[in-house]
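Letter by letter, the chains look like this.
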Amino acid sequence: MLHIILYAIVPILVVMLAGFISGKKGIFDGQDAKKFNKVVLDYALPAALFVSIVQADREMLARDIKLTLVSLIGIMGCFMLVYFIFRYCFKKNTGADAAVSALISGSPTIGFLGFAVLEPIFGTTPAVALVVAIVGIVVNAVGIPVGLSLMNASLDDTNPKKTKESAWKPVIHALEQPVAWAPILAVILVLCGLKWPEWLSPSFDLIAKANASMAVFSAGITLSAIKITINWQAVLGSILKMIVMPAVVLILGLVFKMDPFNLKMLVVAAALPPAFSGIIIADEYNVYTATGTSSLTLSVILFMGFCPLWIWITDLCLHSAIA
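As the structure is a computational prediction, the values presented were derived from the model and not from experiment.

What follows deals with helix 5 (residues 95-105). Across the 11 residues that make up helix 5, a large majority, 11, are buried. Three or more residues of helix 5 are buried, namely Gly95, Ala96, Asp97, Ala98, Ala99, Val100, Ser101, Ala102, Leu103, Ile104 and Ser105.

Enumeration over the complete set of coordinates arrives at two salt bridges. Notably, a salt bridge pairs lysine 38 with aspartate 42, separated by 3.0 Å at the nearest N-O pair. Of this pair, lysine 38 and aspartate 42 both sit in helix 2 (residues 30-53), four residues apart, which is roughly one turn of the helix. Close ionic contact of lysine 264 with aspartate 315 constitutes a salt bridge, the shortest N to O distance being 3.1 Å. Taken together, the residues span a long stretch of sequence, with lysine 264 in helix 13 (residues 260-270) and aspartate 315 in helix 15 (residues 289-322) at a distance of 51 residues.

Glancing now at empty space enclosed by the protein. Scanning the entire structure with this criterion turns up one cavity of 30 Å³ or more. Estimates place the volume of the largest cavity at around 40 Å³. Elements with a minimum of two residues in the lining of the largest cavity: helix 5, helix 12 (232-255) and helix 15. Class assignment of the residues belonging to the lining of the largest cavity gives a composition of four nonpolar, seven polar and no charged.

For the structure on display, the rule yields 10 aromatic pairs. Arranged with centres 5.6 Å apart and planes meeting at 85°, the rings of phenylalanine 122 and phenylalanine 261 form a pair that is edge-to-face. Of this pair, phenylalanine 122 sits in helix 6 (residues 110-122) while phenylalanine 261 is found in helix 13, placing the two residues 139 residues apart along the sequence. Members of the aromatic cluster, each reached through a chain of ring pairs, are Phe28, Phe36 and Phe217. The ring of tyrosine 88 has arginine 87 sitting right over it, with the charged end atom 5.5 Å from the ring centre.

If you add up the space inside the second largest pocket, you get close to 320 Å³. Forming the walls of the second largest pocket are 14 residues, and the residues nearest its centre are Ala48, Ser52, Glu119, Thr124 and Asp205. Taken together, the elements giving at least two residues each to the lining of the second largest pocket come down to helix 2, helix 6, helix 10 (201-208) and helix 11 (210-224). Examining the composition of the lining of the second largest pocket, we find that three residues originate from one element, helix 2, more than from any other. Looking at the lining of the second largest pocket residue by residue, the class counts come to six nonpolar, five polar and three charged.

Our focus in this paragraph is the nonpolar core. Counting residues in hydrophobic clusters, the biggest one holds 94 residues, and the most contacted among them are Phe115, Val117, Ile121, Val135 and Cys307. Beyond its immediate sequence surroundings of up to four residues, phenylalanine 115 is in contact with Leu45, Ala48, Leu49, Pro120, Val128, Ala129, Val132 and Asn211.

Rules of the game
- Note that residues are indexed from 1 along each chain, following the sequence as it is written.
- In view of the model being predicted, local features appear only for residues whose pLDDT reaches at least 70, and side-chain atom pairs are presented and counted only at 80 or more, with totals across whole chains, interfaces and linings using the full set of residues.
- Only hydrogens and water are set aside; all other atoms, that is, all heavy atoms of the structure, feed into the side-chain values.
- Whether a residue is buried, partly exposed or exposed follows from its accessible area with a 1.4 Å probe, protein chains only, as a fraction of its type maximum: under 20%, in between, or over 50%, in that order.
- Think of it this way: any DSSP run of H or I at least four residues long counts as a helix, any run of E at least two long counts as a strand, and we number them from the N terminus.
- We define a salt bridge as a contact between a side-chain nitrogen of Lys or Arg and a carboxyl oxygen of Asp or Glu at a distance within 4 Å.
- Grid points spaced at 1 Å and placed over the protein atoms alone form the basis of the search, with a cavity being a set where a 1.4 Å probe fits but cannot get out and a pocket an open set showing protein on both sides within 12 Å along at least five of seven lines. Lining residues have an atom within 4 Å of a point.
- Grid points are joined across faces, edges and corners, and a volume is the space filled by probe spheres set on the points.
- Throughout this entry, Asp, Glu, Lys and Arg are counted as charged residues, while Ala, Val, Leu, Ile, Met, Phe, Trp, Tyr, Cys and Pro are counted as nonpolar. The remaining residues, Gly among them, count as polar.
- Side-chain rings of Phe, Tyr and Trp (the six-membered ring for Trp) are treated as a pair once their centres are within 6.5 Å; stacked means planes under 30 degrees apart, edge-to-face means over 60, and tilted covers the remaining angles.
- To sit over a ring, a charge needs its Lys NZ or Arg CZ within 6 Å of the ring centre and within 35 degrees of the ring normal.
- The criterion is simple. A nonpolar core is a set of buried Ala, Val, Leu, Ile, Met, Phe, Trp, Tyr and Cys residues joined through side-chain atoms within 4.5 Å.
- Pairs of residues are marked as contacts when any of their non-hydrogen atoms sit within 4.5 Å.

Next comes the structure, spelled out in structure tokens:
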């Protein structure tokens, strides 16, 4: 636990604090954070995912079928749970509010913090990259299109004159993003048995190494640019994200008898703070921004304690299952 705190959590706090202070001092602002995020999502993260996955083999992918199923069922199940709770348990919330809540509290920020958290704990291996890639595909290629479809449907209901868009448009748009198609392309190459030339990897590694540090620094800037207002919805969103989602993933992993190492990584991935992409979408559409951002901030703080806690709980459950 001391290793996890010193090598995974403290560095995140230090870099995020540096970004937060830079934002408060006016060195960088929210617009700069968006540019940093674009570098991460369009270049650094896709490069990191691609070059890591293509170094795997077909046998490894075959062993990770359970990982894919548990990720899809667990994360999207919690995604829809968040949507229905915020849609029907809070009368003031619209369908768009509930959709943004699901995009935030029903999705882990795997793209920004996945490598930054998992690699110091579990090592720099293709297995870590596959977990980040699979969860990233679920969040970006499944969760975001579903959330945008639900949000657009609600906005269309409140504005009947608005031209209706195809339900497939968010799906196509998500798959056009490098963070979605790069890992899918890497998986296809591995399944085809094509050997990746080692001399090509350094060309990807240089930008890939900027992924974690830039993402965390940008998150600090983002937090400095928003006003935090804690209310019951923000607290509930944090509970659903930090407690319910990892618990659901852990239970599913035990039921499916997942590989213990993969299960530990997946539980930690599920316990990551809410997806920053949800905040970006909320800000773009001016929907549920204040409460969503407050929930994100609260979850980032809680993660410092829940990360080692969930690793301990997972180890305990795995030992009990073996016994």
